[in-house]
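Below, each chain spelled out in residue letters.
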Amino acid sequence: MTTCPVCGQRGIGKVGADQYYCWDCCVEFTVRDQDIRIFNVESDGTLTLYDDLIQGTVNLEVQKG
Ligand SMILES: [Zn+2]
């Protein structure tokens, strides 16, 4: 089960092979093994690295299984 690494909710949709979109906080994130990258979706559809905005305050907790 994959949950959003930002809000922890399960309201996510798969948009790519390892790519997901969270409907709750409107971010995209990729999961590849233990490496999670979070992207903020701009109004024009471009993705910016979410880490730059929050300065590492997100608790990146990967739930296995
Ligand atoms: Zn979320």
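Scroll up a little and you will see the structure.
Residues numbered from 1 in each chain as written. Predicted model: local features only at pLDDT ≥ 70, side-chain atom pairs only at ≥ 80, totals over all residues.

1. Focus on the nonpolar core
Burial of nonpolar side chains together is a common tendency in soluble globular proteins. Let me state the cut-off plainly: Throughout this description, the term nonpolar core refers to a group of buried Ala, Val, Leu, Ile, Met, Phe, Trp, Tyr and Cys residues whose C-beta atoms join them within 7 Å. Any residue whose C-beta has 12 or fewer other C-beta atoms within 10 Å is treated as exposed, any with 20 or more as buried, and any in between as partly exposed, C-beta atoms being built from the backbone. Runs of E in the DSSP output that reach at least two residues are strands. Runs of H or I that reach at least four are helices, and both are numbered from the N terminus. In this description, a residue-residue contact is defined by the distance between C-beta atoms placed from the backbone, which must lie within 7 Å.
Listed in full, the seven residues of the largest apolar core are Val6, Ile12, Tyr20, Cys22, Val27, Phe29 and Ile38. Only strand S2 (19-22) and strand S3 (27-32) provide two or more residues apiece to this core. Apart from the residues within four sequence positions on either side, Phe29 is in contact with Pro5, Tyr20, Ile36, Arg37, Ile38 and Phe39.

2. So, the environment of Tyr21
In this structure, Tyr21 sits in strand S2. When the 18 C-beta atoms within 10 Å are taken as the criterion, Tyr21 is described as partly exposed. If we ignore the near neighbours within four places in the chain, the residues touching Tyr21 are Ile12, Gly13, Val15 and Glu28.

3. Looking at the pairing of strand S4 (residues 35-41)
Operational definition: At least two DSSP bridges between two strands are required for those strands to pair.
Bridge count for S3 against S4 is six bridges, and the pairing is antiparallel. By the bridge assignment, Phe29 is partnered in S4 with Ile38. If you look at the hairpin formed by S3 and S4, you'll find two residues sitting between the two strands, and Asp33 has a positive phi there, around 55°. Pairing geometry for S4 and strand S5 (residues 47-49), over three bridges, is antiparallel. Across the sheet, residue Phe39 finds its bridge partner in S5, namely Leu49. Taking the residues that link successive antiparallel strands as the turn, the S4-S5 hairpin has five residues, and the phi of Gly45 there is positive, at about 95°.

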